[in-house]
Amino acid sequence: MRAQPSSDPPIDGALPLYSASALGSADRRTTTRHRLPSIVLMERAGLGAAEAILRRYPRHRSCLIVCGRGNNGGDGYTVARHLADAGWEVEIATPRGHSPRTPDAMTMAAVARSMGLRPRPFTPSMLDTDRVVVDALLGTGSRGAPRDQIASTIEHITESGCPVVAMDVPSGVDPDTGRVEGVAIYADLTTTFHGSKPGLHIQPGRACSGTVEVIDIGIPTPVRSAPTAWLLSAGTNAGSGRDVTSDKYRSGAVLVIAGSPGLTGAGILTSRATLRAGAGLTVAAVPASVQPVYATALIEVMAAPIPDSDGHFTAESVEPVVTQAARVGAIAIGPGLGRDQRTNPFVRAVLDAVDLPAVIDADGLFHLGRRPAWLRERPSPTIITPHAGEAARLLGRERRDIESNRLASARALADVTGAVTVLKGPGAIVAAPDGTAIIDGIGTSALATAGSGDVLTGIVAALLAKGLDPVRAAGTAVTLHSRAGVACGMGGGTMAGDIIEALPRVIGT
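Sequence order as written defines the numbering, with residues in each chain counted from 1. Selection of residues for local features in this predicted model requires a pLDDT of at least 70, selection of side-chain atom pairs for listing and counting requires 80 or more, and totals for whole chains, interfaces and linings are taken over all residues. Values shown for side chains rest on all heavy atoms present in the structure; no hydrogens or waters enter the calculation.

Working definition: helices are DSSP H or I runs of at least four residues, strands are E runs of at least two. Numbering for both runs from the N terminus. Within the protein, the secondary structure is distributed over 17 helices and 18 strands. What the globule rule says is 2.2 Å times the number of residues to the power 0.38, and the radius of gyration is computed from C-alpha atoms. Against the compact-globule benchmark of 23 Å for 509 residues, the protein has a radius of gyration of 26 Å, which places it among compact chains. Taking the principal axes of its C-alpha atoms as reference, the protein extends roughly 85 × 45 × 45 Å. Of all 509 residues assigned to the protein, the portion counted as buried reaches 57%. The buried label applies to any residue whose accessible area, calculated with a 1.4 Å probe on protein chains only, is under 20% of its type's maximum; exposed applies above 50%, and partly exposed to all values in between.

See the structure below:
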């Protein structure tokens, strides 16, 4: 059974994320244990959202608020009243047949009507690009694809080109997984209540949510639930530099086990990234046949030639690699190893024989096969860094299944392997066997370039060599990797080498 996630952030500055059920329980405990009426929570949510809208759109003075029948709609009626008080021209619309049904929503609708804000049936003609549209259709309790009038309304809003603000979660987005099963709102701003939700930061929900602003609605501290995951943000601590009193070994020494004919670039990128991430020493254990390539490309890295067969590691390569590992504090295995069958026993034998923290990537993951549970037998910390395709192979699933529920997939891999898992891709996810999960909220499309994953592997290895525990090493590595991508800019043309060179500028920020 997975342990209860801790209430303490695994990395300084990481922000808590809550499941919809946990937030619902906190709401109920607030009203039952502390006797704070739920209508007060709705009032605070609507007021906070209205204030966020006024800050975000200071030049707009017109708003269309589209309300559903539940409490999310009640939030919308509340926003309408506060925007009207602020002098905005406000119109309320509902999908045909969707009048409020919950007590609090009915109350807020009645208050709005008393101010002359009477809802009308939604029609596409209400959508004007000069108006802000507030999506108050479906809240965190909704699951599955929107249907009928709701789906049609979402389609019209999405196609309108209007600026959109979502209440709590964009309609059509699963708040826990980010999954979108049908149509969904694409918001410029999502005002989410009490705490942020994982689905707002995991693709495709991340793309639907725009800027996410958390509104404090007054949930008392004693009834707050433990976070289900954590978010890497601008405030996350990414320190990993060298101590001024350290020598090259105490700064962290790494062995990169990589390379095969035609695939030398991956290991070169990983090796360079370890040094830029603060390692004091890196040794590249590479097939002797391709060692001259590494020796030429890596001036600051020792390229150790390892006996091979036609440029590939084999069982006979294990002992020389184990000898090289005696001088380091962590290993990285996999970049550019190739998929030759002779390399398969080599990978497992090295991981069995080397009792050091390890990060496994790329072809190293391929050689784990479809039964990666044997990694649980490793006594030392292990981190794996698959992309969706590699995760699918390790779990025996289809890639689309991984992509549709990235958080659950990362956690499943951590459970199966006993290893901290970094599921790469937009909004990388770190998952640990104890249930800890960290979601990257910093990442940028600049990271979508060949070799970017090899750079991440090098950063992870450097941090493991410095003695960081695997969760902190993985989370900090993802933070540094993302910030380096951001530092490269969004102009296009970013290469993996650019990300490496940006690392010194972002370490410690």
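The rest of the description comes next.
Moving on: the pattern of salt bridges. The rule for a salt bridge is simple: a side-chain nitrogen of Lys or Arg has to be within 4 Å of a carboxyl oxygen of Asp or Glu. Taken as a whole and judged by the stated rule, the model has 17 salt bridges. One salt bridge connects Glu 91 with Arg 131, and the closest N-O pair in it is separated by 2.9 Å. Of this pair, Glu 91 sits in strand S3 (residues 89-94) while Arg 131 sits in the loop between strand S4 (120-121) and strand S5 (132-136), and the two are 40 residues apart along the sequence. According to the relative accessible area criterion, Glu 91 is buried, its value standing at 15%. With a relative accessible area of 9%, Arg 131 lands in the buried category.

This next bit is on the sheet that holds S3. Sheets are built from strands that pair by backbone hydrogen bonding, the pairs being arranged parallel or antiparallel. The 7 strands lie next to each other as S4-S3-S2-S5-S6-S7-S8, forming an open sheet whose pairing is parallel. Looking along the sheet, the strands with just one partner apiece sit at the ends: S4 and strand S8 (211-215). Where strand S7 (residues 189-193) and S8 come together, 5 bridges link them in parallel fashion. Looking across to S8, one finds that Leu 189 is bridged to Thr 211. Taken strand by strand, helix H3 (residues 71-85) contacts strand S2 (62-67), S3, S5, strand S6 (164-167) and S7, and its axis lies near 160 degrees from that of S2. Here the rule is simple: two strands pair whenever DSSP picks up at least two bridges between them. Whether two residues touch is decided by their heavy atoms; if any such pair falls within 4.5 Å, the residues are in contact. For helices, the fitted axis covers only the stretch in contact; all axes are lines through C-alpha atoms, and the angles between them, taken along N-to-C directions, range from 0 to 180 degrees.

Mapped onto the elements of the fold, Thr 343 is located in the loop between strand S13 (330-333) and helix H10 (344-353). The spatial distance from the C-alpha of Thr 343 to the C-alpha of Glu 316 is 10.0 Å, given a sequence separation of 27 residues. When neighbours within four sequence positions are excluded, Thr 343 is seen to be in contact with His 312, Phe 313, Leu 337 and His 367.

Let's shift gears to the pairing of S3. Among the 6 residues that make up S3, 5 are buried, leaving the element largely enclosed by the rest of the structure. The parallel pair S2 and S3, bridged by H3, forms a crossover whose chirality is right-handed. Relative to S4, S3 is paired through 2 bridges, and the arrangement is parallel. Residue pairing in the sheet places Thr 94 in a bridge with Pro 121 of S4. For a crossover, the right-handed case is the one in which the path from the first strand over the helix to the second runs clockwise, viewed with the strands pointing away from the viewer.

Right, let's get into the side chain of Ser 260. When you line up the elements, Ser 260 lands in the loop between strand S10 (253-257) and helix H7 (264-276). From its side chain, Ser 260 meets the backbone oxygen of Gly 336 in a polar contact 2.8 Å long. Polar contact is defined as a pair of N or O atoms within 3.5 Å, subject to the rule that within protein one atom must be able to donate a hydrogen and the other to accept it, and that residues adjacent in sequence are counted only when both atoms are side-chain atoms.

Quick look at helix H1 (residues 20-33) now. For a helix, the expected span equals 1.5 Å multiplied by the residue count minus one. In this model, H1 (14 residues) spans 20 Å end to end at C-alpha, consistent with the 20 Å of a helix rising 1.5 Å per residue. Inspection of H1 places Ala 20, Ala 22, Leu 23, Gly 24, Ala 26 and Thr 30 among the buried residues, and these make up the whole buried set. The secondary structure elements touched by the buried residues of H1 are helix H2 (38-56) and S7. Following H1 by one or two positions, Arg 35 has its phi on the positive side, about 60 degrees.

Moving on, we get to the state of the cysteines. One covalent bond between the sulfur atoms of two cysteine residues makes up a disulfide. We call a pair of cysteine sulfur atoms a disulfide when they lie within 2.5 Å. As enumerated under the stated definition, the model contains 0 disulfides in all. With no disulfide of its own, Cys 162 lies 10 Å from the sulfur of Cys 63, the closest cysteine sulfur. Classification of Cys 162 as buried rests on a relative accessible area of 7%.

Generally speaking, nonpolar side chains in soluble globular proteins are found buried as a group. What makes a nonpolar core is a set of buried Ala, Val, Leu, Ile, Met, Phe, Trp, Tyr and Cys residues whose side-chain atoms join them at distances within 4.5 Å. By size, the foremost hydrophobic cluster in this structure holds 53 residues, and its most contacted members are Tyr 294, Ile 383 and Ile 459. Looking at which element gives the most residues to this core, the answer is helix H15 (residues 452-465), with 9 residues. Other than its neighbours up to four places away in sequence, Ile 459 contacts Ala 273, Ala 277, Ala 477, Leu 480, His 481 and Leu 503. Counting 50 residues, the second-largest nonpolar core is a separate cluster that includes Leu 231, Leu 337, Val 354 and Ala 391.

Covered by surrounding structure in strand S18 (residues 437-440) are Ala 437 and Ile 439 together with Ile 438 and Asp 440, the residues of both alternating faces. One ladder, built from 3 bridges, connects strand S9 (residues 229-232) with S18; its direction is parallel. Bridge pairing in S18 links Leu 231 to Ile 439. For strand S17 (residues 429-431) and S18, the ladder comprises 3 bridges, and the chain directions are antiparallel. Bridging across to S18, Ala 431 finds its partner in Ala 437. Hairpin geometry of S17 and S18 is characterised by an intervening segment of 5 residues between the two adjacent antiparallel strands and by a positive phi of about 100 degrees at Gly 435.

Worth remembering: the numbers are spatial, not functional.
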